[in-house]
Amino acid sequence: MKAYDIVIIGGGPAGLAAAVSAKNSGADSILILERDKELGGILNQCIHNGFGLHTFKEELTGPEYAARYIKQVLDLGIEYKLHTMVMDISHEKVVTAMNREEGMFTIQAKAVILAMGCRERSRGALNIPGYRPAGIYSAGTAQRLVNREGFMPGREVVILGSGDIGLIMARRMTFEGAKVKVVAELMPYSGGLKRNIVQCLDDYGIPLKLSHTVVEIRGKERLTGITIAEVDKKGKPIPGTEEDYDCDTLLLSVGLIPENELSRGAGVEMSPITSGPLVNESLETNIEGVFACGNVLHVHDLVDFVSEEAGAAGRNAAAFVRGERARAQGREIKLNPIEGVRYTVPSVIRPDQMDEKLTVRFRVGNVYKNCYISVYFDDERVSRRKRPVVAPGEMEEIKLEKEKLLSYPDLKTITVKIEEA
């Protein structure tokens, strides 16, 4: 059985950034396992720009952003295997994988980094009534068909869900000559970035209907039309608000789910909110030496934040392999997200193990205007930051300092919440 210091599962933006960071932090033998035919992950089909503003201080397309990291991986001589599917990770960090050349094989790792990304929620999860005609795609599948395969899914398009991929595909389909008739969103707010709503919908006169959903699908062989209706506060369609649209294509952009079958199989503890692993300040799961980063941990809005988080996971995994980050018996401080804050990553902090500064990322559960993001150490408020608006589509963050946490030796809980101004 071959042995490596660090095995990284997934060769997308998180896996690449983690590998580069681990190598630069002194880890010797690193192996990336990627199930696709090339490195770069989902970025390879994201040919629009807007990537890299934080990381490289310039605007890049998805493939350009991926290429920068792939070049670093090649320059550093980091090993990778393509067309390789990981089947299992044991508690002893034995990774079982398979590919065409080697068949089934096992690798012993000192540390494992989970970087499998996320997948789209399917039509089956939505319970939309109607037949199963051709012409219904997830937005990411349509993106791959148009941008990579050169295949146009349809000409008259309705999009359900206003996640970022759906918004970007509204513009992309318009560029390719399709007519995007409407974007319907079940929630009373959009799930995407504000800049994407402006640049992809408003600039092209595509209507966004909030608190609307698809209630009927027409067509047997091929989609011929759909009906949308307004929904009440409980998400139930309101009779009498139905609108019919003739279309040959329905794109679903109804949320992303972290790809965590492997993590669950390995016994990693999961968050019911994010559907990703629960991690500490080092991005380490409940299994010692197994780290998680990127969209497998929680769905990010910007790839720059994925790279930053993966960089931290790579550094911490390298430190773990060197024996610098053992599971200390020191105190753990619990993060408590309440009143508008849905979750935090990490969910616990060990002050003696953390870096000098730690970024805690989270999302809110609603749109809040003119509010404060407040942080409490037990019952004492230690910071509040005024925000004109916070929304579920945009990830928020707070910074914690090691020095400050160590000056509160009895601190048990850090509470993060939204307070009205």
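Everything below is about the structure shown above.
Per-chain numbering applies: the sequence of each chain, read as written, is numbered from 1 onward. For this predicted model, a pLDDT threshold of at least 70 governs which residues receive local features, and a threshold of 80 or more governs which side-chain atom pairs are given and counted, while totals over whole chains, interfaces and linings are taken from all residues. Working from all heavy atoms in the structure, the side-chain values ignore hydrogens and water.

S.K.: Before we go on, may I ask you to explain unusual backbone geometry in this structure?
M.R.: Trans is the common state for peptide bonds, and a negative phi is the common state for residues other than glycine. Val345 connects to Pro346 through a cis peptide bond whose omega is 5°. Helix and strand definitions follow DSSP, with helices as H or I runs of at least four residues and strands as E runs of at least two, each counted in order from the N terminus. As for its position among the elements, Pro346 is in the loop between strand 21 (341-345) and strand 22 (348-349). Phi at Asp378 takes a positive value of approximately 55°, unusual for a residue other than glycine. Partly exposed residues are those whose accessible area sits between 20% and 50% of the maximum for their type, while under 20% is buried and over 50% is exposed, using a 1.4 Å probe and protein chains only. On the accessibility criterion, Asp378 (32% relative accessible area) is partly exposed.

S.K.: Is there a simple way to explain the side chain of Glu419 in this structure?
M.R.: Relative to the assigned elements, Glu419 resides in strand 27 (residues 413-420). A distance of 3.1 Å separates a polar atom in the side chain of Glu419 from a polar atom in the side chain of Arg381. The term polar contact refers here to a pair of N or O atoms within 3.5 Å; inside protein, the definition further demands a hydrogen-donor-capable atom paired with an acceptor-capable atom, and it admits residues adjacent in sequence only when both atoms are side-chain atoms.

S.K.: Sorry, what's going on with the pairing of strand 14 (residues 212-218) here?
M.R.: For a regular strand, side-chain orientation follows a simple rule: the groups alternate between the two sheet faces. When DSSP finds two or more bridges between a pair of strands, those strands are recorded as paired. In this sheet, strand 15 (residues 225-230) lies alongside strand 14 in antiparallel orientation, the contact comprising six bridges. The partner of Arg218 across the bridge, within strand 15, is Gly225. Linking strand 14 back to strand 15 in an antiparallel pair, the connection comprises six residues, with Gly219 at a positive phi of about 110°.

S.K.: What am I meant to see in the pattern of salt bridges here?
M.R.: Pairing between side chains of opposite charge can happen when the charged atoms of each approach one another. For this document, the term salt bridge refers to a Lys or Arg side-chain nitrogen within 4 Å of an Asp or Glu carboxyl oxygen. Across all of its chains, the model carries 23 salt bridges by this definition. For Arg119, the salt bridge identified is with Glu261, shortest N-O distance 3.1 Å. Placement of Arg119 in strand 9 (residues 118-120) and of Glu261 in helix 6 (residues 261-266) is noted, with a sequence separation of 142 residues between them. Accessibility expressed as a relative area gives 43% for Glu261, which makes it partly exposed. For Arg322, the salt bridge is made with Glu324, and the minimal N-O distance between the two is 2.7 Å.

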